[in-house]
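Breakdown of the fold
Listed here are the chains, written in short residue letters.
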Amino acid sequence: MNGLMMHRPLLVSSLLTHAARHHGRQEIVSRRAEGDLHRYTFGDLAVRSRKLAQALESLGVQPGTRVATLAWNGYRHLELYYAVSGSGAVLHTLNPRLHPDQLEWIVADAEDTALFFDLTFLPVIEELAPRLTGVRHFVLMSDRDHLPVGSGALLAYEDLLEAQNGNYEWPELDENTASSLCYTSGTTGNPKGVLYSHRSTVLHSFAVALPDSIGLSARDSVLPIVPMFHVNAWGLPYAACMVGAKVVFPGPDLDGGALYRLQETEQVTVSASVPTVWQGQLEYAERQQLRFTTLQRAVIGGAACPPAMLRDLQETHGVTVVHGWGMTETSPFGTASVLKSTHLQARPEERYAVQGKQGRCVFGMDLKIIDDSGRELPWDGVSAGHVMAQGLWVMSQYFGRTDQDPLVDGWFPTGDIATIDADGFMQITDRSKDVIKSGGEWISSIDIENIAIGHPDIVTAACIGVRHPKWDERPLLVAVRKSGAAISAEELLTHFTDKVAKWWIPDGVVFADSIPTGATGKILKSPLREQFQDYLIEPGR
Ligand code: ADP
């Protein structure tokens, strides 16, 4: 017997319709690529998104057509999120930090037919356009006044909207229709496309908003610093509409001071970004002797949150850290380190240790850890194994590669190594490709890096496994000193005593001016491994 309830498909457009009807006066504030601050409401967003959907139709965009964006976080990008997916086409967010050759490859792989871009990227587009043979329309996300002289077929976004009346009804799509496409950062091999559906996107938004994840509500002012081109800004552009939270978009200026000021003036309560961007804000606040006065929760993910950062945010600024883990293939939200009632009475040190883990699953997401032979490992907080994920917003196959099955017994192998404790808190010890195998035993490069960064003279560090004649691989620490600091390798290594087992202590330290990062701002270890693989076996060492 079936239940007798309405069947309403889970659609991206329904998030917008809800926001406009129930939170129509809520604000969206954007720092624009043009340089100024723009303000409007969810009501305005809905009207302009409908006009944009009409404009897409007039450009010949059909259901399933891929529409690419090369843009910062801002209201026009948000309109594209809703208009493209809402009308049944597929939004493909491009990462502007990729090399032009990679962009060319991805646009061809996705078969993008239209490309919308911010003013900042005009030079990139001018260079790339002749190579993007499948793209029929290039649209500058600005007004006519910003079009370069003699720009030929280039269209102005505002012109497209002006030509429409907004009398548009969102189609009632099947909820399994594709809504957006995002490529993995491709640190190994060519990037792979992950194709989200309307259903997975809406379910993911519920998950992001839950109190045991980001805990988003209509009382929040949310600043997604994490780019809208990086796994849909962790789902915040959707979740904000779902709950009616004020949205603040930072545009292109991700400088620590600019972000700090924006958070203060717009009374931001929740802000989300990768550790390196948080670092910039915390350094600015420290230099200027400032505190975050409205911020309540700092969402940190994409890479491990260093314990020193967690402590600084909690103790100096009184901001609760929500440490999250996920990946493109998991939409991306996988886990968040929100405490359980059992932790509330714990001493601060113990609480920080729990919050410093990558966290636990909410309903809709499941994890297990397995050993090399596929056996499931216990949740004892000690046994480390390969993390396998399963859930309502986890990918089943890669875009354009449906002849391949990436799952193992229905679970997605994440490529991460972690422990899980009895309360279900997962702690990443490494990427499987980064784990250091010393004499067959595993050393966590993340643990070593966290200890190094905890030293007051060190800004950032990367630990890599390098060749060793006896142990196959031993850890080498590449570290960047704070300006003016003169700490020696010996002094830094002494800092490890009593913090880890003796055999985990790196065999050497190399000081560098900087550490390479990839297109998503994460540390790139492969060039370091290439450069230093023979460091310990070079003659004379
Ligand atoms: P890529 O895998 O190509 O780098 P993603 O942006 O999808 O691109 O990154 C996902 C990976 O980032 C995860 O598999 C994990 O290794 C790492 N990651 C994400 N969040 C965290 C975190 N909080 N702590 C440690 N690693 C993290």
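Just so it is clear, the model here is predicted, and its values are computed rather than measured. (Residues numbered from 1 in each chain as written. Predicted model: local features only at pLDDT ≥ 70, side-chain atom pairs only at ≥ 80, totals over all residues. Heavy atoms only, no water.)

**Some details on the sheet that holds strand 7 (residues 155-156)**
Which entries qualify depends on this criterion: Here, any two strands with at least 2 DSSP bridges between them count as paired. Numbering of helices and strands starts at the N terminus; helices are DSSP runs of H or I of at least 4 residues and strands are runs of E of at least 2. Any two residues whose heavy atoms approach within 4.5 Å are treated as being in contact. Here the axes come from fitting lines to C-alpha atoms, over the contacting stretch only for helices, and the angles between their N-to-C directions go from 0 to 180 degrees.
The strand order across the open sheet built from seven strands is 7-6-5-3-4-8-9, with neighbouring strands paired in mixed fashion. Single-partner strands in this sheet number two, and they are strand 7 and strand 9 (193-197). Its contacts with the sheet put helix 4 (residues 100-110) on strand 3 (66-70), strand 4 (90-93), strand 5 (112-117) and strand 8 (178-183), and the angle it makes with strand 8 is roughly 155°.

**Brief notes about the site of the ligand**
For clarity, the threshold we go by: What makes a residue near a molecule or strand is one non-hydrogen atom of that residue sitting within 4 Å of it. Here a polar contact is taken to be a pair of N or O atoms separated by no more than 3.5 Å, where protein atoms must pair a possible hydrogen donor with a possible acceptor and residues adjacent in sequence count only if both atoms sit in side chains. For the area figures, the Shrake-Rupley method with a 1.4 Å probe applies, and any residue is considered shielded solely by the protein chains shown. Under the convention adopted here, Pro, Cys and the residues Ala, Val, Leu, Ile, Met, Phe, Trp and Tyr are nonpolar, Asp, Glu, Lys and Arg are charged, and Gly plus all remaining residues are polar.
Around the ligand, the structure places 16 residues, and the nearest of them are Ser185, Thr328, Asp416, Arg431 and Lys522. Between the ligand and the protein, one listed contact pairs a nitrogen atom with a side-chain N or O atom of Gln358 at 2.8 Å. If the ligand stood free it would expose 560 Å²; the protein chains cover 91% of that surface. Looking at which element gives the most residues to the shell around the ligand, the answer is strand 14 (residues 320-326), with four residues. Taken together, the residues of the shell around the ligand break down into four nonpolar, nine polar and three charged.

**Things to note about helix 10 (residues 256-265)**
This is how it is decided: Residue burial is assigned from relative accessible area. The probe radius is 1.4 Å, only protein chains are included, and a residue is buried under 20% of its type maximum, exposed over 50%, and partly exposed in between.
Burial runs high along helix 10: eight of the 10 residues are buried. Those residues of helix 10 lying buried are Gly256, Gly257, Ala258, Leu259, Tyr260, Leu262, Gln263 and Glu264. On the buried face of helix 10, the contacting elements are strand 1 (27-31), strand 2 (37-41), strand 10 (221-224), strand 11 (246-249), strand 12 (270-273) and helix 11 (275-287). Structurally, the start of helix 10 carries an N-cap: the backbone nitrogen of Gly257 is 3.2 Å from a side-chain oxygen of Asp255.

**Points about helix 1 (residues 12-22)**
Going by this rule: Here the arc refers to the directions that run from the helix axis out to each C-beta atom.
Within helix 1, burial applies to Val12, Ser13, Leu15, Leu16 and Ala19. For helix 1, the buried positions fall inside an angular range of 155° around the axis, keeping them on one side. Facing away from the buried side of helix 1 by more than 90 degrees, the exposed set consists of Arg21 and His22. Lining the buried residues of helix 1 we find helix 2 (42-58), helix 3 (75-86), strand 8, helix 7 (198-209) and helix 9 (236-243).

**Brief notes about the nonpolar core**
We apply this condition: Definition used in this section: a nonpolar core is a set of buried Ala, Val, Leu, Ile, Met, Phe, Trp, Tyr and Cys residues joined via side-chain atoms within 4.5 Å.
Residues Ile28, Leu45, Tyr82, Phe116, Leu216 and Leu313 are the most contacted members of the largest nonpolar core, which totals 110 residues. When sequence neighbours within four positions are dropped, the list of residues in contact with Leu216 reads Ala209, Val222, Leu236, Ala239, Ala240, Val243, Ala245, Val270 and Arg297.

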